[in-house]
Amino acid sequence: YNGEYFQQHEGTAMGNSLSPFIANLFMSKFETEVKDKFEYFPRVWFRYVDDVFAVFDTKAISLDNIVAKLNNRFPTIKFTYEVEHNEQLPFLDVLVIRNSENKLEFDVYRKETATLRYIPNDSHHPFQHKMASFNFIIHSLLNFPLSKEKFEHEKQLIKKIAKSNGYSVHLIDKLIRKHKFKRTLYNSTTFRRDTDNSKFASLPYEPKFTRGLDKIFKNININLVYNSKKIYRRFWVTPKTKSTIMKNCDQKYIGQTKRSILTRFKEHMAHLKYGSTEKSCVAQHAFDNNHRIDINNLKLIRNVTNSRQLDAFESLEIIKCNNSMNKDNGPIPTSPLFALINKDSYGSVNRGNKFGINSASV
């Protein structure tokens, strides 16, 4: 690095394809030696990479005692542990539950911080990227050993996730049928497809240019995958725009942007999502009043081609608006020309609202 060479003394190199394999070999040897040399070893010990699910007989040995012994084997290998709480213990994506009959049940595990947010349906992403998350959770739904009640509860939760992100619940039913059909087909025969010799090509995703290319490339045995590199930007110029932000309480936000108004809208959404509401009037208002930002209320009210006129038009539109959430009158708050505006129609000039560049809706 920077003309110098460094030698790694412990562990394996990050990013090296052999590192996981070597680490797994080491842990396998570690477990074999521990099982042969320890007087007591758990009767159930399942490991996936660096997560272990184990069942201990606490009458034979204390948990602290065996963890201490494990940690004394190698100075760089340290174990921590979590015990069951309320007869429940998470392991990877599975929640293991001990029922009243002292038998194990299973459920899909989600962290307390998990939200229902996935890639929204109106997001600028390839369709297969949007479906990847749903395919994953549906795969868990169909392959985890869930009871009928937990299966139905998880299914309804997946539909709720889809609906909250702008997808139809019928899409979930369709994906479930597709997964079930594939599994039935796989289990109904011992014949397997020949190895797929298809090639792959990566293209930046832009519907205007890439729509319809999948079928064309499949005819020559090439599968397309998409990335987010924006190499097409040089083909067009983003217009200088004037945009308004409205919300479900009839207040509006008015701001200017020289970029796509959708880009500015997403910035307001990000300020709300990550708690930086002081950077956005829209985010602050939505947070304070528990309002939902709605892209359907986004509106372009004036297209300004001369950037030197943007400040004037922004202040003009703010002053014309009766119910603005802006905290001031924009970049030019006190122009004498604004006195010519009909205040009965457009509201008071000295309203005292604020500007924040925006192009989205609440």
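Residues numbered from 1 in each chain as written. Predicted model: local features only at pLDDT ≥ 70, side-chain atom pairs only at ≥ 80, totals over all residues. Heavy atoms only, no water.

Caption draft 1: Structural detail: the pairing of strand β5 (residues 104-108). Here strand β4 (residues 94-98) pairs with β5 via five bridges, running antiparallel. Looking at β5, one finds that Arg98 is bridged to Leu104. As consecutive antiparallel partners, β4 and β5 are separated by five residues, and within that stretch Asn102 has a phi angle of approximately 65°, a positive value. (Pairing = 2+ DSSP bridges. Helix = DSSP H or I, 4+ residues; strand = E, 2+ residues; numbered from the N terminus.)

Caption draft 2: Broad picture of the pairing of β4. When you tally the buried positions in β4, you get four out of five residues, the bulk of the element. Looking at chain direction, strand β3 (residues 88-91) and β4 are connected through four bridges and run antiparallel. Across the sheet, residue Leu89 finds its bridge partner in β4, namely Val96. The antiparallel hairpin formed by β3 and β4 contains two residues in its connecting segment, where Leu92 sits at a positive phi of about 55°. (Buried < 20%, exposed > 50% of the residue type's maximum accessible area, 1.4 Å probe, protein only.)

Caption draft 3: Region of interest: the packing of helix α3 (residues 127-143) against helix α5 (residues 169-187). The geometry of α3 relative to α5 is characterised by a closest axis approach of 10 Å and an angle of 60° between their N-to-C directions. Taken together, the axes of α3 and α5 lie oblique to each other. As for the relative orientation of α3 and α5, their crossing is right-handed in sense. The segment α3 lies against α5, with Met131, Phe134, Asn135, Ile138, His139, Leu141, Leu142 and Asn143 engaging Leu171, Ile172, Leu175, Ile176, His179, Lys180 and Arg183. (Axes fitted to C-alpha atoms, helices over the stretch in contact; angles between N-to-C directions. Parallel < 35°, antiparallel > 145°, perpendicular 65-115°, else oblique. Left-handed = near helix turned anticlockwise from the far one by under 90°. Contact = heavy atoms within 4.5 Å.)

Caption draft 4: Quick look at the sheet that holds β4. A sheet is described by the order of its strands in space; here three strands give the open sequence β3-β4-β5, paired in antiparallel fashion. Here the strands that pair on one side only, and so sit at the sheet edges, are β3 and β5. Averaged over all neighbouring strand pairs, the angle between strand axes comes to 25°, with direction disregarded.

Caption draft 5: Focus on the side chain of Asn71. Its location among the elements puts Asn71 in helix α2 (residues 63-71). For Asn71, a relative accessible area of 15% gives the class buried. A distance of 2.5 Å separates a polar side-chain atom of Asn71 from the backbone nitrogen of Phe79. Residues contacting Asn71, with those up to four places away along its chain left out, are Ile77, Lys78 and Phe79. (Polar contact = N/O pair within 3.5 Å; in protein donor to acceptor, adjacent residues only side chain to side chain.)

Caption draft 6: Structural context of a nonpolar patch on the surface. Judged by side-chain polarity, Leu18, Phe21, Ile22 and Leu25 come together as a nonpolar surface patch covering roughly 400 Å² of accessible area. For Ile22, the location among the structural elements is in helix α1 (residues 19-37). In this structure Ile22 comes out as partly exposed when scored by relative accessible area, which is 41%. (Patch = residues over 30% accessible without salt bridge, like charges linked within 9 Å, V, L, I, M, F, W, Y side chains within 5 Å. Areas by Shrake-Rupley, 256 points an atom, 1.4 Å probe, with all protein chains shown as cover. Salt bridge = Lys/Arg side-chain N within 4 Å of Asp/Glu carboxyl O.)

Caption draft 7: Quick look at a positive patch on the surface. On the surface, Lys174, Arg177, Lys178 and Lys182 cluster together into a positively charged patch. Tracing the sequence through the fold places Arg177 in helix α5. (Lys, Arg positive; Asp, Glu negative; His and termini not counted. Charge placed at Lys NZ, Arg CZ, Asp CG, Glu CD.)

Caption draft 8: Spatial organisation of unusual backbone geometry. At Val49, a position not held by glycine, the phi torsion is positive, near 60°. When you line up the elements, Val49 lands in the loop between β1 (44-48) and β2 (51-55). Residue classification places Val49 among the exposed residues on the basis of a relative accessible area of 53%. Although it is not a glycine, Asn221 adopts a positive phi angle of roughly 65°. Its place among the elements puts Asn221 in the loop between α7 (213-218) and β7 (222-227). Looking at Asn221, the relative accessible area reads 39%, which means it is partly exposed.

Honestly, that's just the spatial picture; any functional story needs more than this.
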